[in-house]
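Each chain is listed here by its residues.
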Amino acid sequence: MADLPQGQALLDGIERLRRELDAVILAHYYQDSEIQDLADFVGDSLQLSQQAAKTGAKVIVFCGVHFMAETAKILNPNKQVLLPDLDAGCSLADRCPPDQFAKWLQGYPGHKVVSYINCSAGVKALSDVICTSSNAEKIVNSFPRDAKIVFAPDRHLGAWVEKKTGRQMVKWPGFCIVHEQFTEKQLLKLKVRHPEAKLIAHPECEASVLAIADFVGSTKGLLEYVKTSPAKSFIVATEVGILHLMSKARPDAELIPAPPSSGCNCSICPYMRLNSLEKLYLCMRDRKPEITLPEELRVRALAPVQRMLELSA
Ligand code: 13P
Ligand code: SF4
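Attention in this report is confined to the structure presented alongside it. (Residues numbered from 1 in each chain as written. Chains lettered and ligands numbered in written order. Predicted model: local features only at pLDDT ≥ 70, side-chain atom pairs only at ≥ 80, totals over all residues. Heavy atoms only, no water.)

As for helix α12 (residues 219-228)
Among all positions of α12, only Thr-219, Gly-221, Leu-222, Leu-223, Tyr-225 and Val-226 are buried. Looking at the buried residues of α12, the elements they touch are β1 (23-28), β9 (198-201), β10 (215-216), β11 (233-237), α13 (243-249) and β12 (254-257). (Buried < 20%, exposed > 50% of the residue type's maximum accessible area, 1.4 Å probe, protein only. Helix = DSSP H or I, 4+ residues; strand = E, 2+ residues; numbered from the N terminus. Contact = heavy atoms within 4.5 Å.)

A short note on the site of ligand 1
In the vicinity of ligand 1, 14 residues are found, and the nearest of them are His-28, Ser-45, Ser-133, His-202 and Thr-219. One of the side-chain N or O atoms of Glu-204 is found 3.1 Å from an oxygen atom in ligand 1. For ligand 1, an oxygen atom lies 2.8 Å from a polar atom in the side chain of Thr-219. Residues that form the shell around ligand 1 fall into these classes: five nonpolar, seven polar and two charged. (Near = heavy atom within 4 Å. Polar contact = N/O pair within 3.5 Å; in protein donor to acceptor, adjacent residues only side chain to side chain. Nonpolar A, V, L, I, M, F, W, Y, C, P; charged D, E, K, R; others polar.)

Side note on the sheet that holds β1
In spatial order, the strands read β2-β1-β3-β4; together these four strands make up an open sheet with parallel pairing. One side of each edge strand has no neighbouring strand; the edge strands of this open sheet are β2 (41-43) and β4 (80-82). Direction aside, neighbouring strands of the sheet carry axes that sit 20° apart on average. As paired elements, β1 and strand β3 (residues 59-63) share five bridges and run parallel to each other. Paired with Ala-23 across the two strands is Val-59, which belongs to β3. Strand contacts of helix α4 (residues 66-75): β1, β3 and β4, with the helix running at about 160° to β3, the strand carrying the most contacts. (Pairing = 2+ DSSP bridges. Axes fitted to C-alpha atoms, helices over the stretch in contact; angles between N-to-C directions.)

Written out as structure tokens, the structure is:
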């Protein structure tokens, strides 16, 4: 990478390429702060898919993980969609292979299939509707009360939605490797040390963690809660990238990242953090890695994504 610009020249290079390519840079809240700072739009999974659906840009540069960029491609067959690192996967998507999922579904005839957006295009294509953590309750409630429902691939989000809707669903046993690290035991310890703090958690956390949370919401929901809450201290049980905009919005507040169960760095998503400013520059310069999809698969995956967008409008 000898010819890679450094410092301000790197930022200037990204800016120049953004103009030359007529590109929009979309970033998730879990991206490094310097990526969030230069993105055209920063949001949660639903907001990012809504932005991807309406952008007029010719090229979409997705600073997030593979399933997010793939969803942008599903919505935009005629635009180029770039992902700075093609290895930016997701434990939920990676552990729900479409062939195994199709076989598993055969055991549940007559069920409606609701899939969390954190899945591959192959799994989306087998689903009736897609949801995100911010609209899952609404999407499940869009079915009649007696409908039989399969929910995949996050068992914790599924259990949370069951609790909120009073429905029972069949759940694929997937989980997020980042959110599963938070434990009730450690969070209770933190709550004792900070009795004034509000514990806020993402619904990908285990039920025992969600049960002691003052608020449960998607990344956007958590950010909005911190922005509008009169509280001055928050224990945040999600990927630490969200603290960047939280601290900008509430410089007066104390933000305490939830500790993972060991001394590791596991409240940092190892997939999300594969992206970097350098890889962002290179993917725009070289116009790769690019997301591609067989058209037949894209069309099958599009219908449940569109249904979600309609139900979320
Ligand atoms: P949201 O963006 O819906 O909050 O989901 C968080 C997440 O883990 C994305 O992979
Ligand atoms: Fe997937 Fe969890 Fe990373 Fe989100 S935080 S991309 S759910 S592994």
